[in-house]
Every structure is written in structure tokens, then in C-alpha cells.
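What follows is the residue order along each chain.
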Amino acid sequence: MKPFLAPFSGIVADYPPCWFMRQAGRYLPEYRKIRESAGDFLVMCYTPDLATEITLQPIRRFGMDAAIIFSDILVVPHGLGQPLEFIKGYGPKLEPLVDEDELNLLNVERMVAFLHPVYQAIRQTRAALASHIALIGFAGAPWTLLCYMLDGNGKQDFVRSRTAIYEHPKLVERTIALLTHAIIEHLCQQIEAGADAVQIFDSWASHVPATHREMLVYQPTRTIVQALKARYPHVPVICFPRAIGAHDVQHFDNYVQPDGLSVDYTTDMAALYSSISPSVVLQGNLDPLALMASKEVICAQARALVQLMKGRPFVMNLGHGVLPQTPPEHMQALIETIRSGSA
Ligand code: 1CP
């Protein structure tokens, strides 16, 4: 069995398997080189040879237990028909969705056809990866995608989306419903193409007011998890409801029942150790900033977390993505520490 999948079968090895969010990306010189020559971020996402190569880069260098397909959560709104560009030094920019007439133009079949290069990249990556390394597919959660679709970018704390909850409830409800359907399709296509597990990123879950968490976070995510489990019972589904706090992570576990819970670095893992069902794999949650500090700090942080999670199904990861300024040797040191068994 692939070491990454072992915890999902309840197997606890001497040390936990590891992979890291944004393990491919700007901290690697070989990524920056491709970025430079490709010019456009979306060209990299939609060119299977490039997406495959970028996905494999960190595995070649460091040998993590899982690769995550190089893509982005915003390919879903793009595939549905919403104009998107990535501007250097600024980030993603979508033409904001303003009303239900515009929503009615978005189309899930179009998305599946449009995202064919992503599924092709998964096929190629799976074929190129050693059999003991897992391949993770992913999607954004409905609420997080809605945030980018209504606001158009991530620069203004998603005020338009958060206001729309009250001022345009019908638009919000229908957008969440469409996205739930689109995300199920996108994840199923990735599994069919060879993804061994999938992760759902709800990066802005913490922005949802408590009164609307059920409607905008828990319920749609539960629908996605249940649809995937019905079709692919053996493919682990991991959720990352970022920064919702230990109490709400527990509620999320009870109600959504994912196979894995990815925990952000602000949440106390000790509090989750006993409050989350032992059959759920916890994943996380080193601070990405600690990975930029000295190797001594990294080793101490990693050892403490491995020690804390001993005896529990666990996947070592960061509590958010690797930062571009991270020295690649630090990633090496982290992985060596996890595997040294001296923890
Ligand atoms: O080279 C560059 O300038 C691009 C940087 C970059 C990269 C490497 C972006 C732009 N996206 C990605 C890849 C990516 N994005 C992956 C690939 C797999 C991996 O190695 O982890 C994944 C899983 C994502 C997911 C993603 N994209 C999220 C959810 C996770 C998170 O970070 O909270 C979000 C919110 C995005 C949107 C996005 N894409 C890129 C940026 C800079 C952003 C954030 C924009 C903003 O909010 O302002």
C-alpha cells in the first residue's frame, strides 16, 4: 500500500507520511524557470506536459509521499465560462459575476470539456509517478470559489460576497448549488483520470458568519463528500476548512464526515487529538513561517508535532502553503526530520 494511503486504512507507521500544500511553486528555482518561459500561469495549468513536469519537480527533489496535481482552484469558474486571468505581481482576476442572468450562462458540461487538459495532466503524472507515491486531485469548496467569483479577486476581504449573503441571497444560493454540482464533476473526473485521493480547499470558510455556516460551508461540503463516497468509497476525501477553529472543526467532522481533516496552523492539534474521531485522519499543521526559520526550529517543530500525533492516523503537512521565500534546503531538512524516526 502507498504510505500516504495507509493512515486512511487505520494503519499507523513508525513515522507519518508527508506532503505539503504548494510544494510545487515559486520557492523552487526549477518552477521559476518554467514560469519565466511559459509567461502565463494559466498556460502552465492547461498544458499537460508543463503541469505534469511542475507536479513532479518537488517529488524528484524531495520524494514526498504524495504529489498534488499542479492546477488552481479557479479553473472551475474559468471552465464554467467566467473570464479569468492571472496578472503577474497582482494575482487572479475574474470578471465579477453580478446577477442571475450571468449565472445562467455558466455551464458544467462546458467546464468538463474545457478542463480536459487538467485531467490529461493527471493521467500523465500518474503514469510517470513511482507506484508508491500517491497523486492528490483537488478543488476549491463552493464558498471559497463563490468569493472569487463575486468579488473578482482576493484583495478586498471578499466584502461583495459577504454582503451578497444578505442582499442577494438567491444569487448566493444558486451559485453555491451550481458550484456544488461542478465540483463533484471536477473531482470525479480527476479520480477517473488517476487521482488516488482528493482535497477540498475552503480557504475562506472563516469569513462565513456563524448564522450561515450550515448553509454555505457544512451542507454543500457534505453533499460533495457524500457524492464522492457513494461513487468511490475507497478514495480518501480530505477537507481543509481553513481557520474555523477547533470547535467548528469538530462540528465539521461530525456533520460532514470526511476521511481526512487538514488543519490550519492557528488550530491547536492537541485539542483535536481527542475530540476528532480516531478514524478521521488529521493532516497539518506546521506554520509555513517556521519553515523559513532555522533548520533547528524546523526540526524542533516537526518533532513536537510527530510526537503529539503518535499513535493516531496522521499526515504531516503545513497549516497553509509553502511561502515563496522558503529555502529549498529547509524542505529537505523537514522531510529528513520526519523520517528520522528519532521523534
Ligand atoms: O507562480 C505564481 O505566481 C503562481 C502562484 C500560484 C501557484 C503555485 C497560484 C496563484 N496557484 C498555484 C497553484 C495552486 N493553487 C495549487 C497547486 C498545488 C500545490 O502545489 O499545492 C493549489 C492546491 C492551489 C489552491 C489555491 N489557489 C487556493 C487554496 C489554497 C490556499 O492557498 O488557501 C487558493 C485560494 C487559490 C487562488 C490563488 N491562486 C494563486 C494565488 C496567488 C491565489 C490567491 C489569490 C488571492 O486570494 O489573492
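These numbers come from a predicted model, not from an experiment.

*Asks:* Explain the site of the ligand here, please?
*Replies:* Close to the ligand lie 22 residues, the nearest being Arg22, Tyr31, Arg35, Tyr148 and Ser203. In the model, a nitrogen atom of the ligand is placed 2.8 Å from a nitrogen or oxygen of the Asp72 side chain. Taking His320, its side chain carries an N or O atom lying 2.7 Å from an oxygen atom of the ligand. Burial of the ligand by the protein chains amounts to 88% of its free accessible area of 900 Å². The cavity where the ligand resides is the largest pocket. Looking at side-chain class alone, the shell around the ligand contains 13 nonpolar, 5 polar and 4 charged residues.

*Asks:* Explain unusual backbone geometry here, please?
*Replies:* In most cases, non-glycine residues show a negative phi, while peptide bonds are predominantly trans. The peptide bond linking Gly284 to Asn285 adopts the cis configuration, its omega dihedral lying at -25°. Take Asn285: it is sitting in strand S8 (residues 281-286). With a phi angle near 55°, Asp157 is a residue other than glycine that sits in the positive phi range. Relative to the helices and strands, Asp157 resides in the loop between helix H8 (142-151) and helix H9 (159-167).

*Asks:* Help me understand the state of the cysteines, please; the structure alone is not making it clear to me.
*Replies:* Disulfides are covalent bonds that connect the sulfur atoms of two cysteines. Under the definition given, this model contains 0 disulfides. For the unlinked cysteine Cys147, the closest cysteine sulfur is that of Cys239, found at 17 Å. Between Cys239, a cysteine without a disulfide, and Cys188, which holds the nearest cysteine sulfur, the sulfur-to-sulfur distance is 14 Å. When its relative accessible area of 1% is taken as the criterion, Cys239 is described as buried.

*Asks:* Help me understand empty space enclosed by the protein in this model?
*Replies:* Rolled over the atoms, a probe with the dimensions of a water molecule shows which regions are left empty. Throughout the structure, instances matching the rule amount to 1 cavity of 30 Å³ or more. By volume, the largest cavity is sized at about 40 Å³. In this structure, the largest cavity is lined by Leu286, Asp287, Ala290, Leu291, Ile298, Gln301 and Leu318. The residue makeup of the lining of the largest cavity, split by class, is 5 nonpolar, 1 polar and 1 charged.

*Asks:* Would you explain the layout of surface pockets in this entry?
*Replies:* A volume near 1400 Å³ is recorded for the largest pocket. Around the largest pocket, the lining comprises 45 residues; the ones closest to its centre are Arg22, Arg26, Phe41, Asp72 and Phe86. Residue assignment for the lining of the largest pocket shows that the elements contributing at least two residues are helix H1 (29-38), strand S2 (84-87), strand S3 (91-94) and H8. When residues of the lining of the largest pocket are assigned to their parent elements, the largest contribution, 4 residues, is made by H1. The computed volume of the second largest pocket comes to approximately 290 Å³. Around the second largest pocket, the lining comprises 19 residues; the ones closest to its centre are Ala13, Asp14, Tyr15, Pro16 and Pro17. A per-class count over the lining of the second largest pocket returns 13 nonpolar, 1 polar and 5 charged.

*Asks:* Whenever I open this one, the nonpolar core confuses me. Can you help?
*Replies:* One broad trend across soluble globular proteins is that nonpolar side chains are buried collectively. Phe4 and Phe20 are the most contacted members of the largest nonpolar core, which has 123 residues in total. A total of 12 residues in this core trace back to one element, the largest contributor, which is helix H10 (residues 169-193). Excluding residues within four positions of it along the chain, Phe4 makes contact with Pro17, Trp19, Asp65, Ala66, Ala134, Ile136, Ala197, Ile238, Gln283 and Val315.

*Asks:* Honestly, helix H12 (residues 246-256) in this entry has me stumped. Any pointers?
*Replies:* Side chains three or four residues apart in an α-helix point the same way, a direct result of the helix having 3.6 residues per turn. Among all positions of H12, only Asp248, Val249, Phe252, Asp253 and Val256 are buried. Viewed end-on, H12 has its buried residues packed into an arc of 150°, placing them on one side of the element. Residues of H12 that are buried sit in contact with helix H11 (213-231), strand S6 (237-241), strand S7 (260-263) and helix H13 (269-275). At the C-terminal side of H12, Gln257 shows a positive phi close to 50°.

*Asks:* Got a minute to help me understand the packing of aromatic side chains in this structure?
*Replies:* Two aromatic rings, taken as a pair, are described by how far apart their centres are and by the angle between their planes. The final tally for this structure, using the stated rule, is 10 aromatic pairs. Taken together, a centroid distance of 5.1 Å and an interplanar angle of 50° make the contact between Phe158 and Trp204 tilted. On the criterion of sequence distance, the pair formed by Phe158 in the loop between H8 and H9 and Trp204 in the loop between strand S5 (197-202) and H11 is long-range, its members being 46 residues apart. The same class applies to Phe158 and to Trp204, which are both buried. Taken together, Tyr31, Phe41, Phe70 and Phe86 form an aromatic cluster joined through their ring pairs. Over the aromatic face of Tyr255 sits the side chain of Arg222, whose NZ or CZ is 4.3 Å from the ring centroid. In this arrangement the basic side chain of Arg242 is found over the ring face of Trp204, its NZ or CZ atom lying 4.9 Å from the centre.

What counts and what doesn't
Residues numbered from 1 in each chain as written. Predicted model: local features only at pLDDT ≥ 70, side-chain atom pairs only at ≥ 80, totals over all residues. Heavy atoms only, no water. Near = heavy atom within 4 Å. Polar contact = N/O pair within 3.5 Å; in protein donor to acceptor, adjacent residues only side chain to side chain. Areas by Shrake-Rupley, 256 points an atom, 1.4 Å probe, with all protein chains shown as cover. 1 Å grid on protein atoms, 1.4 Å probe; cavity = no way out; pocket = protein on both sides within 12 Å on 5 of 7 lines; lining within 4 Å. Sits in = over half its atoms within 2 Å of the grid points. Nonpolar A, V, L, I, M, F, W, Y, C, P; charged D, E, K, R; others polar. Helix = DSSP H or I, 4+ residues; strand = E, 2+ residues; numbered from the N terminus. Disulfide = S-S within 2.5 Å. Buried < 20%, exposed > 50% of the residue type's maximum accessible area, 1.4 Å probe, protein only. Points joined across faces, edges and corners; volume = space filled by probe spheres on them. Core = buried A, V, L, I, M, F, W, Y, C linked by side-chain atoms within 4.5 Å. Contact = heavy atoms within 4.5 Å. Arc of directions from axis to C-beta. Phe/Tyr/Trp six-rings, centres within 6.5 Å; stacked < 30°, edge-to-face > 60°. Lys NZ or Arg CZ within 6 Å of the ring centre and 35° of its normal.

So far we have only geometry, and geometry alone does not tell us how the molecule works.
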